[in-house]
Amino acid sequence: MALYSAAAAVLSGLERGEGGLKSLVYGSDFPHARQLYALVAETLRYGPVLEALLDGAALLRAEKKLPPPLAKGIKCGGRWKALARRHRARLEAELARLKVRRGVSRNEDLLEPAPGAGPEAPQVPRYVRVNVLKTCVDDVVEFFKRQGYSFLGKAGSVEELRTLSGKKFLLDLHLPELLVFPPQTDFHDNRLYTSGHIILQDKASCLPAFLLSPAAGSHVIDACAAPGNKTSHLAAILKNKGHIFAFDVDTKRLATMNTMLMRAGVTSFKLTQQDFLTVDPHDPKYSKVKYILLDPSCSGSGMVTRLPLEEAAPSAERLQALAGFQRKVLSHALRFPAVQCLAYSTCSVHREENEDVVHAVLQEQGSAFRLVNAFPSWPCRGLATFPGAECCLRASPVDTLTQGFFVAVLERCGEEAAVPSSLPAATDESLQHEEGVEPGAAPPRKRKRKKQRVKV
Ligand code: SAM
């Protein structure tokens, strides 16, 4: 199936309310889900602008026989392409006029704010995770400099990320392998992306693997893994040493994931199409699994890039059903006998899927597991719905300039569980800036960090 036909089918499905964007994209027969997602998402975002251009350029009058309108017309990519080529000058002139009329200079500024988002709705930067299995931060920085971007060094505050514009980029202040570009920078066609040297991943979505931080050589389960961004991040942290058991129920998402992991140079993993709830924790295969990353299906209510026609806020029944599944899957994960540390995450802003799930499961576990006070310098904490909930992390477009997200790190009690080794260094460095230490000044003596645990 051709890309444009597949995109048309997804757009029509959205119009008819047959599902959300992601489910329709992954339910499509088109083999390259990301490419399809990007095309549909951009078409939806720019839909009103494209309509305005077509109207303004009066193509209806210029052409006797037009392909059908946008959503349907995209099916005949060939006919629209030929038409656009024929009227290129007219369309470009209309684009210039539109910008003058709206008093903007860039195409992105023509975009309408998302429905429900006020004009002040924050925009999330483009985060680029450097895939250290294939390259290193310095080489990627040099590459982008050669592409005409100016590198401004390491960000000192979230405010610096907020004001990023034009062809400038920064190194993130919290995560050491994350570069930050202005919102709407698009690298889907960039060579580094198509070759797996960089991963386009929101900063908040990098937190679970970063906080879990399995030691190289460990056995790790990624319980709900597709399409695999967090799996590839885990593999990078493991330096491809050890083993990742990744599960997902969705065949198509697993196929995409397999391609993505190969492209990212991930080895030592096994993808299994299986309901994680049916995986036997006592199977000897998993006897050395010390770390579990659990990022189950959720309402997705934290995704600020939700597009026109995407699902509205989840109903109370849907939230209840999701929370029931999340509780079950979290309890199941904690049944693996060797597990020491688990990162639970969602891209939901609803406490029902976040703090409530964690609290219910911890209560059910008695004194077997506790919350780790992860990343103490992270500014946005769990909602105070139970004692210790502030050990959890939240992320939001306003406070952390990311998608809305939630992470909790649990560890087995009574063990010197592996505390995420990458945290202290990153935290100390970000604290240096927060505490106003001059750049270039001698770094403060490294504090010996005590694990902070909270019992609930
Ligand atoms: N961790 C992924 C990443 O970073 O790319 C995203 C995971 S997505 C939020 C949730 C995934 O859970 C979906 O791919 C869905 O198919 C999968 N899933 C849902 N129920 C499952 C189950 N019972 N067992 C395993 N996977 C499941």
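This text gives an overview of the structure that appears in the document. Computed from a predicted model, the values in this text were never measured in an experiment. Counting from 1, residues in each chain are numbered in the order their sequence is written. Reporting of local features is limited, given that this is a predicted model, to residues whose pLDDT is at least 70; pairs of side-chain atoms are given and counted only at 80 or more, and all residues count toward the totals for whole chains, interfaces and linings. Where side-chain values are given, they derive from all heavy atoms of the structure, hydrogens and water being excluded.

The next subject is the overall build of the protein chain. For the protein chain, the helix and strand inventory stands at 16 helices and 14 strands. When a residue's accessible area, from a 1.4 Å probe over protein chains only, is under 20% of the maximum for its type it is buried; when over 50% it is exposed; and in between it is partly exposed. Among the 456 residues that make up the protein chain, the fraction classed as buried is 51%. Any two residues having at least one pair of non-hydrogen atoms within 4.5 Å are treated as being in contact. Sequence-distant contacts, at least 24 apart, represent 70% of the contacts inside the protein chain between residues at least 6 apart. To be clear on the numbers: accessible area is Shrake-Rupley with a 1.4 Å probe, and residue cover counts the displayed protein chains and nothing else. For the protein chain, the exposed area adds up to about 21,200 Å²; of that, 53% sits on carbon and sulfur atoms. Put simply, DSSP H or I for four residues or longer makes a helix, DSSP E for two residues or longer makes a strand, and each gets a number counted from the N terminus.

Moving on, we get to the nonpolar core. Soluble globular proteins tend to bury their nonpolar side chains together. Core analysis: the largest hydrophobic core is formed by 51 residues, its most contacted members being L161, L207, L211, L212, F375 and L393. Here the element with the most residues in this core is helix α11 (residues 203-212); it accounts for seven residues. Counting the residues that make up this core, at least three belong to each of domain 2 (126-200) and domain 3 (203-432). Only buried Ala, Val, Leu, Ile, Met, Phe, Trp, Tyr and Cys residues count toward a nonpolar core, and they belong to the same one when joined by side-chain atoms within 4.5 Å. I221, C224, F247 and L342 belong to the second-largest nonpolar core, a separate cluster that totals 33 residues. These domain boundaries are the output of an automatic or database domain assignment.

This part takes up the packing of aromatic side chains. Whether two aromatic rings pair depends on their centres lying within 6.5 Å, for rings of Phe, Tyr and Trp, where Trp uses its six-membered ring; planes under 30 degrees apart make the pair stacked, over 60 edge-to-face, and the rest tilted. Enumeration over the complete set of coordinates arrives at 19 aromatic pairs. Judged by centre distance (5.8 Å) and plane angle (85°), the ring pair of F144 and Y149 falls under edge-to-face. Of the two residues examined, F144 and Y149, each falls in the buried class. Judged by centre distance (5.7 Å) and plane angle (40°), the rings of F375 and W378 are tilted. On the accessibility criterion, F375 (0% relative accessible area) is buried. Three or more aromatic residues link up through ring pairs in this structure, and these residues are F143, F144, Y149, F151, F169, F181 and F187. The positively charged end of K167 is found above the aromatic ring belonging to Y149, 4.6 Å away from the centroid. Two conditions define a charge located above a ring, namely a distance within 6 Å from the ring centre to NZ of Lys or CZ of Arg, and an angle within 35 degrees of the ring normal. The ring of Y193 has R263 sitting right over it, with the charged end atom 5.1 Å from the ring centre.

Now for the site of the ligand. Surveying the vicinity of the ligand reveals 19 residues, the closest of which are K230, D248, R253, D275 and D295. Taking D248, its side chain carries an N or O atom lying 2.6 Å from an oxygen atom of the ligand. Contacts to the ligand include D275, whose side-chain N or O atom sits 2.8 Å from a nitrogen atom. In isolation the ligand has 600 Å² of accessible area, and contact with the protein removes 88% of it. Classifying every residue of the shell around the ligand by side-chain character gives nine nonpolar, four polar and six charged. Residues are labelled near a given molecule or strand when at least one of their non-hydrogen atoms is within 4 Å of it. As used in this structure description, the phrase polar contact means that two N or O atoms lie within 3.5 Å; if the pair is within protein, one of them must be able to donate a hydrogen and the other to accept it, and residues adjacent in sequence are counted only when both atoms belong to side chains. In the scheme used here, Gly and all other residues not listed as nonpolar or charged are polar, with Ala, Val, Leu, Ile, Met, Phe, Trp, Tyr, Cys and Pro taken as nonpolar and Asp, Glu, Lys and Arg as charged.

Right, let's get into the pairing of strand β10 (residues 341-346). Here is the key point about a regular strand: its side chains alternate between the two faces of the sheet. Most of β10 sits out of view: six of its six residues are buried. Side chains C341, A343 and S345 project from β10 onto one buried face, and the interleaved L342, Y344 and T346 project onto a second face that is buried too. For β10 and strand β13 (residues 405-412), the ladder comprises six bridges, and the chain directions are antiparallel. Paired with A343 across the bridge in β13 is V409. When DSSP finds at least two bridges between two strands, those strands are taken to pair.

Quick look at the side chain of H219 now. Relative to the helices and strands, H219 is located in strand β6 (residues 219-222). Beyond its immediate stretch of four places on either side in the chain, H219 contacts H243, F245, K288, V289, K290 and Y291.

Geometric values such as these leave the question of function open.
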